[in-house]
Amino acid sequence: MQPLVDLGRRGRELIESFGRSGQFLFGALAGMPDPRVGFPLLIKQLYFLGVLSLAIIVVSGLFIGMVLGLQGYTILSDYGSEAAIGQMIALTLVRELGPVVTALLFAGRAGSALTAEIGLMKATEQLSSMEMMGVDPLRRVIAPRFWAGFLAVPVLAAIFSVVGIWGGMLVGVEWLGVFEGSFWGNMQSSVDFSSDVMNGVIKSVVFGFVCTWIAVYQGYDCVPTSAGISSATTKTVVFSSLAVLGLDFVLTAVMFGDF
Amino acid sequence: MSSTSEAFLRPHIELKDVVFSRGGRRIFDGVSLRIPRGRITAIMGPSGTGKTTLLRLIGGQLKPDSGSIMVDGQSVPDLGRKALYRLRETMGMLFQSGALFTDLSVFENVAFPIRAHTRLPEDMLRDIVLMKLEAVGLRGARDLMPAQLSGGMTRRVALARSIALDPELIMYDEPFAGQDPIAMGVLVKLIRDLNHSMGMTSVMVSHDVPESLSISHYACILSDGQVIGDGTPDELRSHPSDKVQQFLQGHPDGPVPFHYTAVAPEEDWGIAGRGR
């Protein structure tokens, strides 16, 4: 009987947690502070979440593009179609790897930092003191961070894809000797703006929304102790990664599943 | 009529039959309390009796299960979000940890509530912040970051921040905990001087008996979810309750037992029936 009771309790706690995170999201979405105060806060968070993530995004994009170039050349040259390497790299990055890998890297670098920062603010009573000063932490702390993460991920994903294509070109054209005209020409003729680029952008917008939501909620809702913050940070990375991979399948099925 | 009695006629804070539970444990079981306006009130009691919880109930960060909490004539649990935040603009709270914003300098920490609630020009804001820092003796520390401050200095900066908007009510959560004698003396002086010069209602939660009784006009002792004694410091010192006397004199054993409830020692060590 006890396992059944525990299962029921866990189920109820999970539903309560979903409810709380929904309320929390509404508070953050509805609560952007007065632009005079909110805009500088947003810019500061865009710097922390976006600009400071650039290094890992650029380096990862470059190496993933180079690996795609190398692997693509090895496989395609067996069929004498190495000229198609440009379109293969571009489609892989724009449709899939750009949004997905960027979101995973963002969750690991910026999402975990967001959770730890907000959790520590909670543990050191900074959020409580803000409330007691008549300042709503949802507006002052959460909203700028949420919007900054939401805006940063699509831009980072675009940069990731561009750098990845350049990395693929370095390997394919400069190193392995694929004709440059075929590389760019095939890419231009096969990558469609609305069905490939825009679908990639939509994915990265969805991933940015979900990853930032998970990160700020885990920080705000954590148990304010060292163990609680540690657990919340781990949950941010695990839940964000699973959510990104699961949503990627759903979105891909909706966008490209018209067989 | 004494001035404290007059203050009682129009209490700043009034709690009636407040019941509050958390995590299945009843923390307050019908607490009633009147906190006089413009006076220093000390709320004391053993650790874990819910003294900080009481401040959070007064500030509207927690809601009671039942009972009423009136602050300045307004029922705190019934206030909407906007009204509650407006009421909080008239309150200051000194947290036990100081709760300074670690990414802001001392100056910006004190300026924070002023920037949030007013649109004062920068030069006027600077003058106010420096006046508040001067009041706590830390005008020279304006450019330091919180990580560079000692525990006593952190609490003084937090005090300057909590009086930045000249509140009518200020709540101190364990202001003396973990302070060296000099820092404690400074805080005692500051709390007394601020109450005297600004005339605000001060509610101080503490278990430092001598310091609290030396500056308070009125004090009450909480234990087991109830008020077990209240009155002026002199009235409390001669209170007939054994529990009150045990707390005030710091006896290790008495109505509040030294041992946490446990099974009989014979049972734990398995010595029952040995030697037979």
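One can find the structure itself at the top, above this paragraph.
Residues numbered from 1 in each chain as written. Chains lettered and ligands numbered in written order. Predicted model: local features only at pLDDT ≥ 70, side-chain atom pairs only at ≥ 80, totals over all residues. Heavy atoms only, no water.

### Quick notes on the overall build of chain A
Counting secondary structure elements, chain A contains nine helices and zero strands. In sequence order, chain A lays out its α and β elements as α-α-α-α-α-α-α-α-α. Taking the principal axes of its C-alpha atoms as reference, chain A extends roughly 70 × 55 × 30 Å. Scored against the burial criterion, the 259 residues of chain A give a buried share of 45%. Relative to all contacts within chain A whose residues are 6 or more apart in sequence, the contacts with residues 24 or more apart total 84%. A total of about 12400 Å² of accessible surface is found on chain A, and carbon and sulfur atoms cover 71% of it. In chain A, the 14 positive side-chain charges and the 18 negative ones have mean positions that sit 14 Å from each other. (Helix = DSSP H or I, 4+ residues; strand = E, 2+ residues; numbered from the N terminus. Buried < 20%, exposed > 50% of the residue type's maximum accessible area, 1.4 Å probe, protein only. Contact = heavy atoms within 4.5 Å. Areas by Shrake-Rupley, 256 points an atom, 1.4 Å probe, with all protein chains shown as cover. Lys, Arg positive; Asp, Glu negative; His and termini not counted. Charge placed at Lys NZ, Arg CZ, Asp CG, Glu CD.)

### Considering the pairing of strand β4 (residues 66-71) of chain B
Residues and elements named next belong to chain B. Relative to β4, strand β1 (residues 13-22) runs antiparallel, the two being bridged by five bridges. Directly across from Ile13, in β4, lies its bridge partner Val71. In the sheet, β4 pairs with strand β5 (residues 74-75) via two bridges, with the strands oriented antiparallel. If you follow Met70 over to β5, its bridge partner there is Ser75. Linking two consecutive strands that pair antiparallel, namely β4 and β5, is a turn of two residues; a positive phi of about 55° is found at Asp72 within it. (Pairing = 2+ DSSP bridges.)

### Let's talk about the packing of aromatic side chains
Aromatic ring pairs are defined here through the distance separating the ring centres and the angle between the ring planes. Counted by the stated rule, this structure contains 11 aromatic pairs over all chains. Note on Phe146 of chain A and Trp147 of chain A: the rings are 5.7 Å apart at their centroids and 80° apart in plane angle, and the pair reads as edge-to-face. Under the relative-accessibility criterion, Trp147 of chain A is labelled partly exposed at 24%. Ring geometry for Trp147 of chain A and Phe150 of chain A: centres 5.7 Å apart, planes at 75°, overall edge-to-face. Residue Trp147 of chain A and its partner Phe150 of chain A are both found in helix α6 (residues 137-175); the two are separated by three residues, about one turn of the helix. A network of ring pairs unites the aromatic residues Phe146, Trp147, Phe150, Phe209 and Trp213 of chain A as a single cluster. Looking at Arg88 of chain B, its charged tip hangs above the ring of Tyr85 of chain B, at a distance of 5.1 Å from the centre. The side chain of Arg161 of chain B reaches across the aromatic face of Phe101 of chain B, ending 4.7 Å from its centre. (Phe/Tyr/Trp six-rings, centres within 6.5 Å; stacked < 30°, edge-to-face > 60°. Lys NZ or Arg CZ within 6 Å of the ring centre and 35° of its normal.)

### Some details on the sheet that holds strand β2 (residues 25-35) of chain B
All names here are of chain B. If you walk across this open sheet you meet the four strands as β2-β1-β4-β5, and the pairing is antiparallel. Either end of the sheet is taken by a strand with one partner, and the two such strands are β2 and β5. Most of the contacts of helix α2 (residues 51-58) go to β1, to which it runs at about 115°, and overall it touches β1, β2 and β4. (Axes fitted to C-alpha atoms, helices over the stretch in contact; angles between N-to-C directions.)

### Side note on the pairing of strand β10 (residues 226-231) of chain B
Residues and elements named next belong to chain B. In terms of strand pairing, strand β9 (residues 218-223) meets β10 through five bridges, oriented antiparallel. If you follow Cys220 over to β10, its bridge partner there is Asp230. Between β9 and the antiparallel strand that follows it, β10, lie two residues; Asp224 among them carries a positive phi value of about 50°.

### Overview of a nonpolar patch on the surface
Residue and element names in this part refer to chain A. Residues Met1, Leu4, Val5 and Leu7 make up a contiguous nonpolar surface patch of roughly 480 Å² in combined accessible area. Considering the arrangement of structural elements, one finds Leu4 in helix α1 (residues 2-30). Classification of Leu4 by relative accessible area gives exposed; the value is 56%. (Patch = residues over 30% accessible without salt bridge, like charges linked within 9 Å, V, L, I, M, F, W, Y side chains within 5 Å. Salt bridge = Lys/Arg side-chain N within 4 Å of Asp/Glu carboxyl O.)

### With respect to the interface of chain A and chain B
Between chain A and chain B, the residue contacts involve 18 residues of the former and 25 residues of the latter. Among the residues chain A hides against chain B, the three largest losses belong to Glu125, Met132 and Met133 of chain A. Together they make up 38% of the total. Of the charged contacts in the structure, one is a salt bridge between Glu125 of chain A and Arg56 of chain B, with a shortest N-O distance of 3.1 Å. For the interface between chain A and chain B, the tally reads 11 residue pairs in polar contact (both at pLDDT 80 or more). Elements that contribute at least two residues to the side of chain A that touches chain B include exactly α2 (35-49), α5 (126-132) and α6 of chain A. Here the side of chain A that touches chain B gets six residues from one element, more than from any other, and that element is α5 of chain A. In terms of residue class, the side of chain A that touches chain B is made up of six nonpolar, five polar and seven charged. (Buried area = accessible area lost by both parts, 1.4 Å probe. Polar contact = N/O pair within 3.5 Å; in protein donor to acceptor, adjacent residues only side chain to side chain. Nonpolar A, V, L, I, M, F, W, Y, C, P; charged D, E, K, R; others polar.)

### Digging into the side chain of Thr41 of chain B
All names here are of chain B. With respect to the helices and strands, Thr41 occurs in strand β3 (residues 40-44). For Thr41, a relative accessible area of 1% translates into the label buried. When neighbours within four sequence positions are excluded, Thr41 is seen to be in contact with Ile35, Pro36, Ser202, Val203, Met204 and Tyr218.

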